[in-house]
Structures are given as structure tokens and as C-alpha cells.
2 protein chains.
Amino acid sequence: MSKIYADCNATTPLLKNVKDYLINSRLNGPFANPNSLHYLGNQLSQGIENCRKHLGKLLSIDDQKIVFNSGSSESIATAFWMTIGQVILNKSKKTHLVCSTIEHAAVIENALYWKKKGATIHWINVSSDGVVDLEQLKQIFKLHSAEISLVAIMAANNETGVIQPYEQIAKLCKENHIPYLCDTTQTIGKLDLAEELKEGVFLCVSGHKLGAPLGSGFLVLPFRDHYESLIKGGPQEQNYRAGTQNYLGIESMTVALDWHYQMIQAWNPLMQKKIQFENKILASITQAQIIGARSSRLANTSLISFKGIHSQGLQIELEARNIFVTTSAACSDNEPSTSKVLRSMGIQDDEGRSVIRISTGLELNLEHYDVIAESIISSFNHLEKIHFN
Amino acid sequence: MSKIYADCNATTPLLKNVKDYLINSRLNGPFANPNSLHYLGNQLSQGIENCRKHLGKLLSIDDQKIVFNSGSSESIATAFWMTIGQVILNKSKKTHLVCSTIEHAAVIENALYWKKKGATIHWINVSSDGVVDLEQLKQIFKLHSAEISLVAIMAANNETGVIQPYEQIAKLCKENHIPYLCDTTQTIGKLDLAEELKEGVFLCVSGHKLGAPLGSGFLVLPFRDHYESLIKGGPQEQNYRAGTQNYLGIESMTVALDWHYQMIQAWNPLMQKKIQFENKILASITQAQIIGARSSRLANTSLISFKGIHSQGLQIELEARNIFVTTSAACSDNEPSTSKVLRSMGIQDDEGRSVIRISTGLELNLEHYDVIAESIISSFNHLEKIHFN
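Residues numbered from 1 in each chain as written. Chains lettered and ligands numbered in written order. Predicted model: local features only at pLDDT ≥ 70, side-chain atom pairs only at ≥ 80, totals over all residues. Heavy atoms only, no water.

S.K.: How do you make sense of the overall build of chain A when you look at a structure like this?
M.R.: Along the backbone of chain A there are twelve helices and twelve strands. Along the first, second and third principal axes, the C-alpha atoms of chain A reach 70 × 55 × 30 Å. For chain A, the residues scored as buried account for 64% of the 389 residues in total. Here the analysis covers contacts within chain A between residues at least 6 apart in sequence; of these, 72% occur between residues at least 24 apart. Carbon and sulfur atoms provide 50% of the accessible area of chain A, an area that totals close to 14100 Å². The centroid of the 36 positive side-chain charges in chain A is displaced by 3 Å from the centroid of its 38 negative side-chain charges. (Helix = DSSP H or I, 4+ residues; strand = E, 2+ residues; numbered from the N terminus. Buried < 20%, exposed > 50% of the residue type's maximum accessible area, 1.4 Å probe, protein only. Contact = heavy atoms within 4.5 Å. Areas by Shrake-Rupley, 256 points an atom, 1.4 Å probe, with all protein chains shown as cover. Lys, Arg positive; Asp, Glu negative; His and termini not counted. Charge placed at Lys NZ, Arg CZ, Asp CG, Glu CD.)

Set out below in C-alpha cells:
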């Protein structure tokens, strides 16, 4: 049986056309430092600027706010550095941060670091449906808006796929003149970029979530303005990010995002198929629950709990059938306990330890959803027998 | 005429065997997140650990001190962050820094940033031969050793190729219990790693200086110890550097460094040929001077001044002959003035604005040095005529 990869929220396989691009157009060169003032360097630096323009056009944003870097972990650390980091280092007064409890570790760990250095964090809770509490955010803004240097609330959660009310959050942040970091790692290429996110918001993109190689990504700055760079040195990226630009990554990522924008309508049939898939599971397994079912979710993501069995058992059963899924986010997959995201939603351990995440991409053969459903059902039946024997 | 690329200190073309590796072994997958707990993820994470072990063995260092990241600019920012950055943020007392005046911008700009936040910088000068002044370093250590949180002096300069007395610097730093950042970006793969650098020193490597793709590199930590990560988030790289590891870059870089270690003896004939090349230039052009000629220099680097002509004119003439060189470091190539490195060596503008850098790699056909020499001589003669007409 051919392999079915359903762990796209962790990373995506290289897109076919990215691979073709690399083999046919890129790996034969030219190779040069884009900052060298000879023809080869100019050619590559022009290539990078063309990518910047094209990405700006795809996202309908000012391309001069695009800062190429190594990916979203760096983008998020940079947004914290540019805001709360400088506040702390300059002994300024806006020492408050706002974060949701379901942020990726890249956000949480930065917030906790700056807390140790003097920041105050306001945590925004989520409902049992996995959606952040806007009323709580409004209350915090009422009391502290003058003290807040950054609000970090993601566009869609990587575990549940639940889409957050980022338009309203962006609007509230703008009204209160507070920088907003919207972690768009899981949404760019899947959802059109909302008007409210096109200016005044830190955005981040990782090429490897879009079928480009790892190690490329970009941060979008809120405005053309002065921001302190995290990685300092040469004048690359308008002094926002030093280091020779990874043009191979930048070009691949542009090919990949362009393809996603061409294909963006294809998420609709994929979403329809995913709902059929989920319904088939629910109809066959009474214990099954779709986490965040009542919320708007990403087309590609299903997080399903199977009370009574252990998720890792199910994952291994599926793997034996050549189907690759995870039990939660890749970067917290090692933790045996319920993920922080699920705990925030009030999910108890008996349910939280029984979840698997199926996250697909546009290159999936839709019929594979049927294979995954059948495999889950037979694996579940098998595990349940073992459990009750 | 086929292209001659002689700008390897800026970046290197992909090595043939890295390209073969990518096309034949890597671009067909498997693709997965190395942190996902399924077979594919395990396979990739095992691949990364094999690379770490192999790199540790090649360099004869403790592989557990290797932290994979995006390259030397990040490594350098990280070393500053882990030392003076934490000192400033924790309001500790070791607020002094030591830097040479010929460091790469990646070092200088970090030093200047932390100076604005309270650090004191001691600048170490260089001789007219381009070598840092060890006596000055000893004097500074005598007066301030208890206050210094980092010494940053490169292994070899990227513009002149002059090799610095890093063994003695490392020894002095160890005697005084001061962390040493030795920027080894230009030396790893060219020189065997000195015993004195194998422990207690921050080292940095960029894959793209070794024939691997851009966007990969690693930092070597001084010890297995607690260091504050610059990019925070998931537990990758033993919590020293968050973000999904760029396994394609890591594997390519390992292939490239392995090849360099296999070929390391080949730098000797290249160096011999380079000296012949330089002598031919000196014999034909009376104004020509080899910068740093009396110092030990990297086998691959020649920085030559041609008083009376402007370097950019010569660069363009060579480019018309399909030979690609630069006038100084790629990242400062846009500056029309004498480079900081040359000014530190006491070189005046009439000479400093007339230099070109020829930096080659092990895949160069050695006879190309003859072509470059002839082209420089005829270009110079042509430019000189224009100049004096």
C-alpha cells in the first residue's frame, strides 16, 4: 500500500513543482552571493526582489515590509525582540504582553522569557470550542491598553485547526494602537489574507508548511518603520535581518506560495471530503469526538479523540498501515500528557490522551481520506478489543 | 570562455557531490517533521543525529555542543545574546566586550548594539600586516579580565585571508576564564581545527561557504552547559535553538564538510598555485601589492591593490572576461570607500579603493589562476591607459 502522509501541519513534503524547479532550474546555478556587486550577484539579488514583489502581490501587502529569514520560529522571536525586548532593554513602560493560552511554543516560550525579565503577561483563555475570548481581550485593553507592547494571538491553531477571530483582534489592536503578532504559519496559502491583517500586524510564514524546503520563511512587519533587528550584521533585508539571503529557499517558497494561491479553491472540495471523513468516523465509533467541531476550522485539519484508547496506540496501528499522523503538535509530540491546547479547552486527560491529528495538503488524493477512515475504524476496533480483554 | 568564479569567500557554488546528493538521494524524500513521533520523523531525526556525530568526529569536538541553525550571522548574534546579552538583561557586572577592529559586520554590529545598552567595548587593533595585537589583548586582560563577558576575534579575515593568532587568544581567554567567540566561518574546511579551539570556545560554520546550500549552519557551544537560546519555542537542539530542523541543509552541509576534510590536502597545491599567481601579478604590475603578504593567509585568498586605478573598474573589466571577483567583502561591497578592515591596517584611500579580492575553492581548475592573472594584467594595462590619457 502506498504511503499516506497526513501530518502536513508539522511539515509538508516538497511540492512536485518545487522539486521540478529545484532540479531543472536551480541546482545548476547560478550560485553567488546576492550582495556581491558583479553580474551573478546582481542577478540573484534581482531574483530575490522579484520574489519579494510577487509575494507582496499574492498577499496584497506592501512588499517592502517582507523580511526573509529562516522561518516562523525566528519570525516570532524577532517580533518579541522588536517590541517587548526593546521595551525591557530601554527600560520603557509598556511592559505588558497579551497571549492566548493556545499559542505555539514559539510564542509561549518568548513570552515566558520576557516575563522573567520584567514583563507582565495577560493570558487570554479559549472556550471549549477552542476560540479565544474576545471579551476578556476587551477587558484587558480597557484596563491596560497604554502598557501593552504586543498582543500575540494566532490565526489558526496548529493542533485543532480552529480559526481565531483575528479580524476583530486586529481591529481592536489598531483602535488601541497596540502591535499585533498574528501567527499565520498555518493559514497562509490556505485562507486568503484578511484585509485587517494587511497592515499594522506582524505576520509569519514558514516555507516548509507550504511544500518548500525547510529553512526559509518570512516575517511581515507592521509598517515600514524602524525596528531593531534580532540578527545583526550586514545590510541585507534593509537592515532588518543580516546574513546572506537563502535565495534557493526564497525562490522555492515563492513557487510554493504561488501554486497555493492558484490552487486555493481546491481547499473547498478537500474540506467537503474531510467532513465526510469525520462523519464516517463519528458514525462508526461512538466514542469519537471531533475537537473544535462547532468552530470554523482549517480545511485540512481534523483532531479526533477516541476515549478509552491511547492515542499512541492508534498512531502506531495507522503507521503499520502506512498512514502517518501525529497525536498532537510535532514539537510537543514527546509529551505523554494532554497538550496545553486541549487543557485550555477544558479537555480532561482521559479524552486528551486519546487524540490523533490528521492534517492533509492539496497534493493529497482525496480518496485517501476513505482509506484513512477505514484504517482508523479497523485500528480502533482492534485496539478496543485488546483494551477490554 | 567558460565562467571563472573567484568569489568563494562571499559564497561558494554547490559542490558537485552535494548537488548529486540532493538530486539522487534527498529530493525524493522522505519528508517529515523530525520531531514527529512516527517512523518518518524518527528516520529524519536519526539522520540529523548521525550528521551531528559525523561533524563532531570531523572536527574532533563533542558533538553535543553542536547547535544547528541558519548560519554564521545567527551563530554570532546567538553568542552575543548568550553572554553580554544575558549580562545586560540580568544586570550583572561583566559588561565589557573585546573585539578586533577587523571583525565581520556580524560581530561589529552586535557589539555596537550591546554598547548602546550599556556594554563597554575594548577594540583590539591590527598591525599593518593585518594581525591582531596580542600585547594589547594581554593589557586589557590585566586591567579588566573580571569584567569581560566575551572576546570576539575571528580565525581568519574574510577580506585579506590573514590568519589570526587564535591559539594564543584561546589560551589567554581560558587562563582568564573568559568566553571566546572565534568566528571560524572562513577557516572550517580549509584549516584543521586547532586543539585550543576544541573546547571552551564559541565556533561558527555556514554551509554556504563550503559548497552546501544557503540557510544552514551551526554554532559550537563552549561547553555542555546552560545557555539562553536566541530563538525560543520547541525543544529542538536540546533547547538551544527552536524551530523545525532544516534536515536537507544539515545533511548537505555534512556531505560538504566531509568532502572538504577528505580533500584538505588539496589546499596545498592550490596555495602554491596562488603564490605563483600573485608573483606573476607583482612581476607584471609594479603598482600591485598583496595585502597581508607577510602574514599567514588562507590558501584560497588574494587581496591585491593596484594603486592608480579604481577597483570597480577592474572588477567590471574582469567580469567582461567572465571572471567574477569582488572589491571587498560582499556585504560591504556597496560602500565606495576603503573597507574598515583595510583602514584598520593603516591603508590609505588611494590604495584601499584599488583592491580586488580573488577567493577560490577546491573545485577550481588550477589553470584558471593563469587565466585570471593574464586577465588582470591586460585589464590593468587597459585601465591604466584610459587613466593617463
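There's plenty left to go through after this.
S.K.: Where do I start with the pattern of salt bridges in this structure?
M.R.: Charged atoms that come close allow side chains of opposite charge to pair. Residue and element names in this part refer to chain A. Counting across every chain of the model gives 34 salt bridges over all chains. Between Arg 297 and Glu 278 there is a salt bridge, with the nearest N and O atoms lying 2.8 Å from each other. One end of the pair, Arg 297, is in the loop between strand E9 (288-290) and strand E10 (301-306); the other, Glu 278, is in helix H8 (residues 267-284), and 19 residues separate them in sequence. Classification of Arg 297 as buried rests on a relative accessible area of 10%. The exposure class assigned to Glu 278 is buried, which follows from its relative accessible area of 4%. (Salt bridge = Lys/Arg side-chain N within 4 Å of Asp/Glu carboxyl O.)

S.K.: Help me understand helix H2 (residues 39-59) of chain A, please; the structure alone is not making it clear to me.
M.R.: An α-helix turns once every 3.6 residues. As a result, residues three or four positions apart point the same way. Counted at 1.5 Å a residue, the expected span for H2(A) with its 21 residues is 30 Å, and the 30 Å between its end C-alpha atoms agrees. Within the sequence span of H2(A), burial applies to A:Leu40, A:Gly41, A:Leu44, A:Gly47, A:Ile48, A:Cys51, A:Arg52, A:Leu55, A:Gly56, A:Leu58 and A:Leu59. Buried residues along H2(A) sit against helix H1 (16-26), strand E2 (66-69), strand E8 (217-220) and helix H7 (247-262) of chain A together with strand E1 (4-5) and strand E11 (323-324) of chain B. (Expected span 1.5 Å × (residues − 1).)

S.K.: Sorry, what's going on with the packing of helix H3 (residues 72-89) of chain B against helix H4 (residues 105-116) of chain B here?
M.R.: Any two packed helices are characterised by how steeply their axes cross, that is the angle between the axes, and by the distance between the axes. All names here are of chain B. H4 packs onto H3 with a crossing angle of 20° between their chain directions and a minimal axis gap of 9 Å. The orientation of H3 with respect to H4, classified from their angle, is roughly parallel. Between H3 and H4 the crossing geometry is right-handed. Along the contact surface, H3 presents Ser 73, Ile 76, Ala 77, Phe 80, Trp 81, Ile 84, Gly 85 and Ile 88, while H4 presents Ala 106, Val 107, Asn 110, Ala 111 and Trp 114. (Axes fitted to C-alpha atoms, helices over the stretch in contact; angles between N-to-C directions. Parallel < 35°, antiparallel > 145°, perpendicular 65-115°, else oblique. Left-handed = near helix turned anticlockwise from the far one by under 90°.)

S.K.: Would you take a moment to explain the sheet that holds strand E12 (residues 355-359) of chain A for this structure?
M.R.: Hydrogen bonds along the backbone pair up the strands of a sheet, which may run parallel or antiparallel. Residues and elements named next belong to chain A. Taking strand neighbours across the sheet as the criterion, the three strands line up as E9-E10-E12 in an open arrangement whose pairing is antiparallel. If you trace the sheet from one side to the other, it starts and ends with E9 and E12, each paired once. Within the sheet, the average angular offset between the axes of one strand and its neighbour, ignoring direction, is 25°. As paired strands, E9 and E10 are joined by three bridges and run antiparallel to one another. (Pairing = 2+ DSSP bridges.)

S.K.: Got a minute to help me understand the nonpolar core in this structure?
M.R.: What tends to happen in soluble globular proteins is that the nonpolar side chains get buried as a cluster. Counting 202 residues, the largest nonpolar core has A:Val151, A:Tyr180, A:Phe306, B:Val151, B:Tyr180 and B:Phe306 as its most contacted members. When near neighbours in sequence (up to four residues on either side) are disregarded, A:Val151 contacts A:Val98, A:Leu137, A:Phe141, A:Ile169, A:Cys173, A:Ile178, A:Pro179, A:Tyr180 and A:Leu181. By size, the runner-up hydrophobic cluster in this structure holds 60 residues, among which are A:Trp81, A:Tyr113, A:Ile121 and B:Phe202. (Core = buried A, V, L, I, M, F, W, Y, C linked by side-chain atoms within 4.5 Å.)

S.K.: Help me understand the interface of chain A and chain B in this model?
M.R.: When the parts come together, some accessible area is lost, and that loss is often what is quoted as the size of the interface. Every contact between the two is made by 67 residues of chain A and, on the other side, 67 residues of chain B. Both sides of the chain A and chain B interface together cover about 5400 Å² of buried area, and 64% of this is carbon and sulfur. Three residues stand out in chain A for area buried against chain B, namely A:Leu37, A:Leu214 and A:Lys232, and they jointly supply 12% of the buried area on that side. Scanning the region where chain A abuts chain B turns up zero salt bridges. Where chain A touches chain B, the interface holds 18 residue pairs in polar contact (both at pLDDT 80 or more). Of all the elements in the fold, those that place two or more residues in the side of chain A that touches chain B are H1, H2, helix H3 (72-89), helix H4 (105-116) and helix H9 (311-320) of chain A. Classifying every residue of the side of chain A that touches chain B by side-chain character gives 30 nonpolar, 25 polar and twelve charged. (Buried area = accessible area lost by both parts, 1.4 Å probe. Polar contact = N/O pair within 3.5 Å; in protein donor to acceptor, adjacent residues only side chain to side chain. Nonpolar A, V, L, I, M, F, W, Y, C, P; charged D, E, K, R; others polar.)

S.K.: I would appreciate a short explanation of the sheet that holds strand E8 (residues 217-220) of chain B in the present structure.
M.R.: All names here are of chain B. Read across the open sheet, the seven strands follow the order E2-E8-E7-E6-E5-E3-E4; overall the sheet is mixed. Of all the strands in the sheet, the pair left with one neighbour each is strand E2 (66-69) and strand E4 (120-124). Adjacent strand axes in the sheet meet at a mean angle of 20° when their direction is disregarded. Where strand E3 (residues 96-100) and strand E5 (residues 148-152) come together, four bridges link them in parallel fashion. Each bridged residue has a counterpart across the sheet, and for Cys 99 the counterpart in E5 is Ala 152.

S.K.: Help me out: how do you make sense of the relation of the copies chain A and chain B in this one?
M.R.: Note: a rotation about an axis with an accompanying shift along it relates these two copies of the chain. Superposing chain A onto chain B requires a rotation of 180° together with a translation of 0.0 Å along the rotation axis, leaving an RMSD of 0.0 Å. Overall, the copies show the geometry of a two-fold rotation axis. (Least-squares fit on C-alpha atoms with pLDDT ≥ 70 in both.)

S.K.: How should the side chain of A:Ser36 be read in this particular structure?
M.R.: Its place among the elements puts A:Ser36 in the loop between H1 and H2. Of the polar contacts made by the side chain of A:Ser36, one reaches the side chain of B:Asp7; its length is 2.6 Å.

S.K.: What's the story with the pairing of strand E4 (residues 120-124) of chain A in this structure? I'm lost.
M.R.: Each regular strand carries side chains that alternate between the two faces of the sheet. Residues and elements named next belong to chain A. The pairing of strand E3 (residues 96-100) with E4 spans five bridges and is classified as parallel. Residue pairing in the sheet places Ser 100 in a bridge with Ile 124 of E4. Crossover handedness for the path E3 to H4 to E4: right-handed. (Right-handed = clockwise from strand over helix to strand, strands pointing away.)

S.K.: Where do I start with the side chain of B:Asn33 in this structure?
M.R.: Structurally, the position occupied by B:Asn33 is in the loop between helix H1 (16-26) and helix H2 (39-59). A polar contact is formed between the side chain of B:Asn33 and the backbone oxygen of A:Ala10, at a distance of 3.1 Å. There is a polar contact of 2.8 Å between the side chain of B:Asn33 and the side chain of B:Asn35.

S.K.: Please clarify how the packing of aromatic side chains should be interpreted in this entry.
M.R.: Geometrically, a pair of aromatic rings is defined through the distance of the ring centres and the angle of the planes. Summed over all chains, the structure comprises 18 aromatic pairs over all chains. For the ring pair A:Trp81 and B:Tyr113, a centre distance of 5.4 Å and an interplane angle of 55° mean the geometry is tilted. One end of the pair, A:Trp81, is in helix H3; the other, B:Tyr113, is in helix H4, on a second chain. Overall, B:Tyr113 belongs to the buried group, its relative accessible area being 2%. Ring geometry for A:Phe306 versus A:Phe380: centroids 5.8 Å apart, planes at 40°, classification tilted. You can see A:Phe306 sitting in strand E10 and its partner A:Phe380 sitting in helix H12 (residues 368-388), a full 74 residues away along the chain. Accessibility expressed as a relative area gives 0% for A:Phe306, which makes it buried. For A:Phe380, a relative accessible area of 2% gives the class buried. Three or more aromatic residues joined by ring pairs make a cluster, and in this case those are A:Trp81, A:Tyr113, A:Trp114, B:Trp81, B:Tyr113 and B:Trp114. In this arrangement the basic side chain of A:Lys232 is found over the ring face of B:Tyr113, its NZ or CZ atom lying 4.2 Å from the centre. (Phe/Tyr/Trp six-rings, centres within 6.5 Å; stacked < 30°, edge-to-face > 60°. Lys NZ or Arg CZ within 6 Å of the ring centre and 35° of its normal.)

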